[in-house]
Amino acid sequence: MSDPSPYPLGLRLAGRRVVVVGGGAVATRRVPALLDAGADVLLVSPELTPALRARADAGRLRWEPRRFAAGDLDGAWLVHLAVDDRVAAAAVSAAAAERRIFCVRADDRAAATAWTPAVTRHGPVTVAVLGGGDPRRARAVRDAVRTLLSARKGPLLTPQVEQRAPLDASGGRVALVGAGPGDPELITVKGWRLLTEAEVVVADRLVPGLLLDELRPDVELVDASKIPYGPSRGQEEINRILVERARAGKVVVRLKGGDPYVFGRGGEELLACAEAGVPVTVVPGVTSAVAVPGVAGVPVTHRAVAHEFTVVSGHVAPDAPASLVRWESLAGLRGTLVILMGLKNLAAIAAALIAHGRPPTTPAAVIQEGTTTAQRTLRSTLAAVAADVEAAALRPPAIVVVGDVVDALRFPSPD
């Protein structure tokens with residue numbers, strides 16, 4: 001006769017005591033999910049991994065630096081045994097059984113009174129898989145479910161569930177989502193999930209096109225392109241569209257290249273929504289200021305080369321009254337300078353840096369359309385970079401990097 005099937009259950013652990021015995025690799029994997037569930041974690045172990053020690057030092061859990069005592073289970077709702085000492089584990093199991101507390105055992109699943117499933121999360125949906133005592137089977141099924149969820153084109157939320165989400169009185173909300181620097185796979189998991197749930201998407205020109213291609217047919221796509229030095233949709237109109245659609249009860253995603261708050265005017269859009277009483281979720285994005293140089297082989301910091309990096313906008317010329325950048329101060333720094341939207345003013349920027357003391361021989365790089373199939377990289381010096389860009393016919397969007405890090409990962413040519 002086969003063993004009875006386990007009874008699946010979702011435990012609501014917020015504010016409830018969970019005891020973890022053991023401070024090694026297994027505990028390091030299990031504790032974050034318990035903390036995420038809001039559990040009051042007591043960890044009993046003579047020693048801890050650095051990761052667990054950091055959580056204890058931050059006050060996120062209570063650590064007793066000693067061996068287990070039966071009294072540790074007083075008031076506990078659940079016990080996680082994360083030790084490989086069978087004798088010690090059996091003693092903890094016995095103490096838990098005496099108190100009718102469910103006990104998870106990493107050393108012996110057959111002796112446990114509870115199993116931890118293989119878990120995948122997709123926004124508000126948690127899928128837990130039990131493999132009949134075989135953790136490898138459970139992980140395989142979990143991974144297959146995760147793949148299916150990731151490939152899903154539409155939202156997982158039903159209208160009834162959506163109405164219980166924190167919305168304004170109209171039922172609408174706005175998410176400011178960073179789409180990353182260009183590669184559609186660089187959007188965050190949370191950003192992608194919100195995109196699949198959107199009813200309206202307001203997208204910038206630099207948003208990866210493949211993300212828009214995957215939208216459901218019924219999604220309203222608003223082109224909010226802000227083409228440099230050309231036709232643009234005013235920021236006030238974009239703000240109006242966000243507020244108007246949300247007040248009409250729509251789930252709106254404002255999809256922006258890079259990160260919403262790195263020269264993306266995300267702050268202005270949040271303020272407009274807040275003034276109108278529309279709730280906003282902010283989802284950070286991978287910023288091109290760091291990602292694009294990295295993909296091109298230029299780390300913005302490197303040991304013994306650069307201990308700092310500064311990101312500035314170059315869309316206003318250094319001598320323009322509207323410029324807020326102190327180029328004379330930047331010229332005196334020894335670290336990396338990353339310039340966004342600076343291609344048009346590159347000659348003036350380079351001249352200003354050199355005039356204020358940055359050596360003309362400082363390495364410089366320009367990366368066009370970084371992280372995409374159209375990426376182009378040009379390496380030069382601060383004195384020559386503007387002319388080299390013009391000769392190579394590079395165009396926006398492009399990132400300019402100035403500093404010794406440009407050559408930090410380049411190997412010398414063999415003789």
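Above this note sits the structure.
Notes on the structure in this doc start here.

**So, the sheet that holds strand S4 (residues 76-81)**
No. 1: Within the open sheet, the five strands sit side by side as S3-S2-S1-S4-S5. Their pairing is parallel. Among the strands making up the open sheet, the edge pair consists of strand S3 (62-64) and strand S5 (102-105). Each strand of the sheet is rotated relative to its neighbour by a mean of 20°, with strand direction disregarded.
No. 2: Here strand S1 (residues 17-21) runs beside strand S2 (residues 40-44); their pairing, made up of five bridges, is parallel. Bridged to Val-18 within S2 is Val-41.
No. 3: Its contacts with the sheet place helix H1 (residues 25-36) against S1, S2 and S4, and it is angled at close to 175° to S1.

**So, the nonpolar core**
If you look at soluble globular proteins, the nonpolar side chains tend to sit buried side by side.
No. 1: Membership of the largest hydrophobic core comes to 22 residues, with the highest contact counts inside it found for Trp-327, Leu-337, Ile-339, Leu-353, Val-366 and Val-389.
No. 2: Residue assignment for this core shows that the elements contributing at least two residues are helix H11 (327-331), strand S14 (336-340), helix H12 (346-355), strand S15 (363-368), helix H13 (385-392) and strand S17 (398-402).
No. 3: Beyond its immediate stretch of four places on either side in the chain, Trp-327 contacts Val-312, Ser-313, Pro-318, Leu-337, Ile-339, Ile-349, Ala-352 and Leu-353.
No. 4: Among the nonpolar cores identified, the runner-up in size contains 18 residues, and Leu-13, Ala-27, Leu-34 and Leu-78 belong to it.

**A word on the layout of surface pockets**
No. 1: Its boundaries defined by the atoms lining it, the largest pocket holds a volume of some 1,800 Å³.
No. 2: Put simply, the parts of the chain that give the lining of the largest pocket at least two residues each are H1, S4, S5, strand S6 (118-122), strand S7 (125-129) and helix H4 (135-151).
No. 3: The element best represented in the lining of the largest pocket is H1, accounting for seven residues.

**Re the sheet that holds strand S12 (residues 280-283)**
No. 1: Pairing in this open sheet of five strands is parallel, and the strands run S10-S9-S11-S8-S12 from one edge to the other. Either end of the sheet is taken by a strand with one partner, and the two such strands are strand S10 (220-223) and S12. The sheet shows a mean angle of 15° between the axes of neighbouring strands, taken without regard to direction.
No. 2: In terms of strand pairing, strand S8 (residues 173-178) meets strand S11 (residues 251-256) through six bridges, oriented parallel. When the bridges of S11 are listed, Ala-175 appears paired with Val-253.
No. 3: Across the face of the sheet, helix H9 (residues 266-275) comes into contact with S8, S11 and S12 while running at roughly 175° to S8.

**Quick word on a nonpolar patch on the surface**
No. 1: A contiguous nonpolar surface patch, about 410 Å² in accessible area, is contributed by Tyr-7, Leu-9 and Leu-11.
No. 2: Structurally, Tyr-7 can be placed in the segment before S1.

Criteria and cut-off values
Residues numbered from 1 in each chain as written. Predicted model: local features only at pLDDT ≥ 70, side-chain atom pairs only at ≥ 80, totals over all residues. Heavy atoms only, no water. Pairing = 2+ DSSP bridges. Helix = DSSP H or I, 4+ residues; strand = E, 2+ residues; numbered from the N terminus. Axes fitted to C-alpha atoms, helices over the stretch in contact; angles between N-to-C directions. Contact = heavy atoms within 4.5 Å. Core = buried A, V, L, I, M, F, W, Y, C linked by side-chain atoms within 4.5 Å. Buried < 20%, exposed > 50% of the residue type's maximum accessible area, 1.4 Å probe, protein only. 1 Å grid on protein atoms, 1.4 Å probe; cavity = no way out; pocket = protein on both sides within 12 Å on 5 of 7 lines; lining within 4 Å. Points joined across faces, edges and corners; volume = space filled by probe spheres on them. Patch = residues over 30% accessible without salt bridge, like charges linked within 9 Å, V, L, I, M, F, W, Y side chains within 5 Å. Areas by Shrake-Rupley, 256 points an atom, 1.4 Å probe, with all protein chains shown as cover. Salt bridge = Lys/Arg side-chain N within 4 Å of Asp/Glu carboxyl O.

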